[in-house]
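Residues per chain are reported as follows:
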Amino acid sequence: MPRTESHPDFLWSSPEPRSSYDVVIVGGGGHGLFTAYYLARNHGITNVAVVERGWLGGGNAVRNTTVIRSNYLWDESAAIYEHSLKLWEGIQEELDYDVLFDQRGVLNLAHNLHDVRESVRRVNANRLNGVDAEWLDADGVAEFCPLINTSKDIRYPVMGATLQRRGGIARHDALVFAVARAAAALGVHLIQDCEVTGIEVDSGRAVALQTSRGRIAAGRIGLCAAGHSSVVAAMAGVELPIQSHPLQALVSEVLDQVLDTVVMSNAVHVYVSQAHKGELVMGAGIDPYNSYAQRGSFHVIEEQMAAALELFPIFARARVLRTWAGIVDVCPDASPIVGPTPVENLFVNCGWGTGGFKGTPGSGWVYAWTLAHGEAHELNRPFALERFETGALIDEHGAAAVAH
Amino acid sequence: MMRRLAGGGLIDRSSKLEVRVDGVSVSAHPGDTLASAALAAGGWLQSTSTVHGRPRGIMSAGAEEASALVQVEAPWSEPLVAAPAVEIPLQGLAASTLPGLRGRLTGDDEARHDRRHAHCDVLVVGAGQAGTAAAREAAGRGARVIVADRDFLPVDVDGDQVTVLIRTTAVGSYDDNFVVLVQRLSPERRRVWHVRAGEVVIATGAYERPLVFPGNDRPGVMLAGALRTYRERFAVAPERPAVFTNNDAGLDVARTLDAIVIDLRRGRTVVGTEAGPGGLAAVLVAPIDAPADAERVECDVLGVSGGFDPVLDLHRHRRGPVRWDDRRACFVPDGALPGQRVVGSAAGEGLPEVAAGWLLPGEEAAAYVDLHRDVTVADLRRAVNAGLSSIEHVKRYTLAGTGADQGRTAKTNASAISAELLGQRAGDVGTTTTRPPVEPVPFAVLAGRARGDRFDPVRTTPIHDWHVEQGAVFEDVGQWKRPWFYPRDSEDMDAAVLRECAAAREAVAMMDASTLGKIDVQGPDAAEFLNRLYTNAMDTLKVGRGRYFLMCRADGMVFDDGVALRLADDRFLTTTTTGNAAAVLDWMEEWLQTEWPDLRVHLTSVTEQLATVAVVGPRARDLLAPLVPDLDLSAEGFPFMAAHDAAVGGLAARIARVSFSGELAFEVTVPGFHGLELWRTLWASGEPFGVTAYGTETMHVLRAEKGYVIVGQETDGTVTPLDLGMDWIVSKAKDFVGKRALRRTDTTRADRKQLVGLLPIDPHVRLPEGAQLVDVDSAPPAAMIGHVTSSYHSAALGRTFALAMVRRGSERHGETVYAPLPEGTFPATIADPVLFDPQGARRDG
Amino acid sequence: MLLIPCPWCGPRDEIEFRYGGEAHVAYPADPPVVDDLELARYIFYRGNPKGRFQERWVHQQGCRRWFNLVRDTVTHEIAGSYLPGQEPPA
């Protein structure tokens, strides 16, 4: 359990902002911190600031349910998420920090013939993309995770599941501490309580940020403000095909360990894991309306509980300790946008929807490359804003659906 | 040691109850809580703490309890319940303490928990003084009032329009004064109330918080106000109490209990505690400026009071504003939300001023800020020294305030001490966010009746009972149960499907097609409306005729398909795919109402009003003819895609020559309540011809042999009509929704995936649906060029076959591709998607 | 659980409604002539402001009619509903 003793004596200092940086990252969440870290680590660019409106990691970084996997359908997605998963696999050594990254496997259950077909399709695509993936039939599911109700007489019986054994979970706040510390140690300025109020654009080129802590000039600006992507981009006159919605999640109290894998079901709307501390962590549905309020409606939680008990009757007496919501920025094709904008020197990394946490190292890695070179890396080139114009979408609704 | 006094208290001494704690019998009275009974018996429900394994006991008299969390075992089962909030039921309470405070899951909950919806003018949460007064006032002016109180004491508010709910906690406050209550109906059962209130009065009181000093976690140290509650309400009191306080409320308790007073405001503090039998032996008291100079003060229990925190959960769930009150050292409401009031001590009224100073001298590693999570002052100091300045970071570094008790008694101390360590004012670091639920709620209670059969409705057709009688195996399609296949004797699915297919191709077979969505489109502009939505023209359709159609989203991707029958100039009956019926109606209504309100069209879902039976096969005419003697069923008299109204065996029906199999076929539609009779009538007529029932699997095989697509199987939201090779259905003459999108850069790419047939080189190999295809048989990673969308054994072809979406597929017929699978790589030849009867010779029988 | 004022039925719980995103985004008057960018904007781009928002809802479990709503995306406060083609409330 990561509490005081397991964290290092020192994490980061809080410097006053300089008047100018080579690169300024807007948003101190997982994506922003990893971007800053990799700018310094991979590209030697250390005159970098991360400006954060509140506290580092205070947005979706610590509101998500920490599921990590890379078993996406399309080649473009598999490539970027698999790159991210590979980084995850070395993250504890890389950052010298125990973030409780645990490859306990991720099951995606299939409950009807359509699910089965799509699951098999995804497993086969994953394997050909070098991503580990297995298809389990219902007996295989029962054997792998006996806690799941695989009885044939439930409303939507389990017909099988995809399994990515390399998938798993990690401790989100430890990850924030780890990356922030590593970035700060390389000279990155972490500037909290610093709200961006404007982006100065001069002749089509972004030159500086106006912030609650003064003007900060920047060679390049990387927007990384999930939950506020549209708002921040609009400051530079950039419109994004993004809608922001509350996504609720919940935890139970600390319970004896009963569930040793991650279980997700699109059809029954469940995704659940048990954290190392012992609490059950569950994602609920997205509230349908646009919102920046970080709270959702109660019926979403009630429906979530009914769904959870359909698959896990043993959870009946577990108790909901806390519910909360993050704001997810969703793209029309359920895939992110990572790359240049029509404004020179202004870049955007957004639209990870419900699945950003797993992508943070990979996202930071390619975004740092993009900010260092001024153009997209081959891994994020398909995730360009232009795809909405050409129609070359990366439609991951099938693989993403409600569940991450 | 605590003990029960000879008299007093709100307990019924005339009656005795037995409680079992860790298997040991404890005696109690009605009116007791588990905690008061345990204390009366001289115990503390002692357990060990989560991390340090330190002994801990009851520290409060309410739901804020951080230490005495027990596993209730009977008469219901629940983990980590605050013992002071457990009312002793009339029979059979058993509970056990939980070493390390980890709850246990004990299986499913058979109890049926309710849900109820209520509206009221005023919802009062909390029936203390302020809440009772507010409720009476509202009742007095004739308002509909609901009063909810978490305790089990009677509430004294009367009135015709007053609903008093005791044992009821308001667990969450949501937009527009929607408040969720959880009421305990019996030990086993609870009811969730969804209350929409005109006004919400938050009268939830205040929690006392402890002082943070070395040894403050030992059993025997409890909140001063709890000592008063145990004495006055439960007649349980210590023998030699002491009280350590920084405010007058604590002093007041000390007077009531005749306790030794250690008053921080007089410069005295506690620097250590000593365990004794049944609680403490003594506390070490020292001048605050000379902590080493301690004296030993004997006492068995130490009441502590570090001030009070208004209970503002409901206010904060909706981001009600708060401000730091320096004198009373707590957050108080800074105005209320629209339609809400915070009253009484929840608003800070009557709370005592407290002495300044949060960091007390002494061993910081023994001074507990959060008893539940075992967080000490030393932990907070380490967090601050690590560079953390946000209380949210401190919380995550130390886990302070994150326990099962929601950190109720810990949060303010944690923020204020952190602030002091940071050299800031107590209120400046803010406080961590409060989230629903106010108290933990079991999953099963929230799930309510939506369990088992009631998890999601089951939709069945009027003919369902017949399918069940015949031993059909069902497939879930959306909420529908559709017959998948009808195994006979020991047949497996493959055998059953081959038999059903053969019947349809060689004799006659029947399928229940009632689940297809059906929308009645009426109005003078009906044809124009459908013209705008469908890829092909509908205005040219003659009355009495049908036409297959496709529908796209605005992005040009195939959304749905079906058949539209023109019943009159101004009336069409259109079908949708089974799973898409609701979405298609939504889609059509959206366009009609929001884009084309000038069109005079009405849309009505008639899916469940009608039952449809498909009669398929070369003998279909023979089956039907005796039932419709006056109807000319010949190919000329009743051509393909024609429709006629007719009496079928006496049932008013519509017959349409629609075929999703390539065979001669009639779809017979009747009002839903005649569906079963129709089926039986048709069946009886078909028996001489060996009529066979077939399910969705056979339907899929028959249509795939003909290269007909299933939306959602061949398509996945990324497929255009042109990708399906269905240029013939895409009107060049007129516009339709999605047409323009077909001319985008990506949708006009030459190397898009296109629908093809696929013949495995080994005719016995059935490729799995979802198999990916590659050009070169090599080890992964490999570039995929497509995937198998449908794959079957074909009775008609005498071999396996598949449909697939393949890059440039339409120009690659005859080429070989490979399906690499875990069990091996299988070559297959690309073919035209229409593998059976490409001339369409069978359609007319 | 929002309480949404359906202009035809009166205030009803949010679960009776379906959300329709930004209001007043018209389908191109002459779709064949719009360029790819305009088309992309129609299909994929919708307003996403922080604050007051004119948005569409349909009373799906009730009268099944579409209407517009002015709602604050931060406080969720609803200023009022209005019919398609009407002006939003102040």
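Here, every reference points to the structure presented above.
A brief look at the structure comes next. (Residues numbered from 1 in each chain as written. Chains lettered and ligands numbered in written order. Predicted model: local features only at pLDDT ≥ 70, side-chain atom pairs only at ≥ 80, totals over all residues. Heavy atoms only, no water.)

1. Structural notes on the overall build of chain B
Looking only at helices and strands, chain B features 16 helices and 49 strands. Its C-alpha atoms give chain B a radius of gyration of 38 Å, clearly above 28 Å, the size a compact globule of 845 residues would have. With the C-alpha coordinates of chain B rotated into their principal frame, the extents come out at 110 × 65 × 60 Å. For chain B, the residues scored as buried account for 61% of the 845 residues in total. For chain B, the accessible surface area stands at approximately 30100 Å², while carbon and sulfur atoms represent 49% of it. One finds the centroid of the 90 positive side-chain charges in chain B at a distance of 2 Å from the centroid of its 111 negative side-chain charges. (Helix = DSSP H or I, 4+ residues; strand = E, 2+ residues; numbered from the N terminus. Rg over C-alpha atoms; globule rule 2.2 N^0.38 Å. Buried < 20%, exposed > 50% of the residue type's maximum accessible area, 1.4 Å probe, protein only. Areas by Shrake-Rupley, 256 points an atom, 1.4 Å probe, with all protein chains shown as cover. Lys, Arg positive; Asp, Glu negative; His and termini not counted. Charge placed at Lys NZ, Arg CZ, Asp CG, Glu CD.)

2. A word on the interface of chain C and chain B
Between chain C and chain B, the residue contacts involve 26 residues of the former and 25 residues of the latter. Buried area between chain C and chain B, summed over both chains or domains, comes out near 2200 Å², and the portion from carbon and sulfur atoms is 46%. The largest per-residue losses of area from chain C upon contact with chain B belong to C:Met1, C:Tyr27 and C:Arg64, which jointly make up 28% of the total buried on that side. At the junction of chain C and chain B, the tally comes to seven salt bridges. For C:Arg56, the salt bridge is made with B:Glu590, and the minimal N-O distance between the two is 2.7 Å. Tallying contributions element by element places helix 1 (residues 36-44) of chain C first for the side of chain C that touches chain B, with five residues. (Contact = heavy atoms within 4.5 Å. Buried area = accessible area lost by both parts, 1.4 Å probe. Salt bridge = Lys/Arg side-chain N within 4 Å of Asp/Glu carboxyl O.)

3. Re the packing of aromatic side chains
Counted according to the given criterion, the structure contains 37 aromatic pairs over all chains. Summarising the aromatic geometry, the rings of A:Tyr289 and C:Trp57 are spaced 6.3 Å apart at their centres and angled 45° between planes, so their arrangement reads as tilted. One end of the pair, A:Tyr289, is in the loop between strand 15 (279-286) and helix 8 (298-311); the other, C:Trp57, is in strand 4 (residues 52-58), on a second chain. Taking relative accessible area as the criterion, C:Trp57 reaches 0% and is therefore assigned buried. Relative to B:Trp728, the ring of B:Tyr548 lies with its centre 6.4 Å away and its plane at 35°, an arrangement referred to as tilted. (Phe/Tyr/Trp six-rings, centres within 6.5 Å; stacked < 30°, edge-to-face > 60°.)

4. Comments concerning the pattern of salt bridges
Counted under the stated rule, the structure contains 94 salt bridges over all chains. For B:Glu364, the salt bridge goes to B:Arg381, with nearest N and O atoms at 2.7 Å. Pair noted here: B:Glu364 is in the loop between strand 27 (340-342) and strand 28 (368-370) and B:Arg381 is in helix 6 (residues 377-385), with a separation of 17 residues, a long-range link. Judged by its relative accessible area of 33%, B:Arg381 falls in the partly exposed class. B:Asp476 is the salt-bridge partner of B:Lys481, the closest N and O atoms lying 2.8 Å from each other. In this structure, a network of salt bridges that share partners links the residues B:Asp586, B:Glu589, B:Glu590, C:Arg18, C:Arg56 and C:Arg64.

5. Let's talk about the interface of chain A and chain B
Contacts between the two partners involve 85 residues from chain A and, on the opposite side, 97 residues from chain B. Between chain A and chain B, roughly 7800 Å² of surface is buried when both sides are summed, and carbon and sulfur atoms account for 55% of that area. Where chain A meets chain B, there are ten salt bridges. In this structure, the salt-bridge partner of B:Arg382 is A:Asp9, at a minimum N-O distance of 2.7 Å. Where chain A meets chain B, there are 39 residue pairs in polar contact (both at pLDDT 80 or more). Within the residue set of the side of chain A that touches chain B, elements represented by two or more residues are helix 4 (113-128), helix 6 (172-185), strand 12 (243-254), strand 15, helix 8, strand 16 (319-330) and helix 10 (387-390) of chain A. Top contributing element to the side of chain A that touches chain B by residue count: helix 4 of chain A, with nine residues. Grouping the amino acids of the side of chain A that touches chain B by side-chain chemistry returns 44 nonpolar, 19 polar and 22 charged. With two bridges connecting them, strand 16 of chain A and strand 30 (residues 441-442) of chain B associate as antiparallel partners. Residue pairing across strands places A:Val320 opposite B:Val441, the latter belonging to strand 30 of chain B. (Polar contact = N/O pair within 3.5 Å; in protein donor to acceptor, adjacent residues only side chain to side chain. Nonpolar A, V, L, I, M, F, W, Y, C, P; charged D, E, K, R; others polar. Pairing = 2+ DSSP bridges.)

6. Here we look at the pairing of strand 10 (residues 145-148) of chain B
All names here are of chain B. Alternating positions in strand 10 separate into two faces, Val145 and Val147 on one and Ile146 and Ala148 on the other, with burial throughout. Judged from the four bridges that link them, strand 9 (residues 114-125) and strand 10 form a sheet pairing that is parallel. Across the sheet, the residue bridging to Val125 is Ala148, located in strand 10. Note that strand 10 and strand 11 (residues 162-165) share four bridges and pair parallel. Its bridge partner being in strand 11, Ile146 is matched across the sheet by Thr163.

7. Comments concerning the sheet that holds strand 37 (residues 571-576) of chain B
Residues and elements named next belong to chain B. Taking strand neighbours across the sheet as the criterion, the five strands line up as 35-36-37-34-38 in an open arrangement whose pairing is antiparallel. The outermost strands of the open sheet, each flanked by one partner alone, are strand 35 (546-552) and strand 38 (602-605). With direction set aside, neighbouring strand axes in the sheet form an average angle of 25°. (Axes fitted to C-alpha atoms, helices over the stretch in contact; angles between N-to-C directions.)

By themselves, these are just geometric observations and shouldn't be taken as functional.
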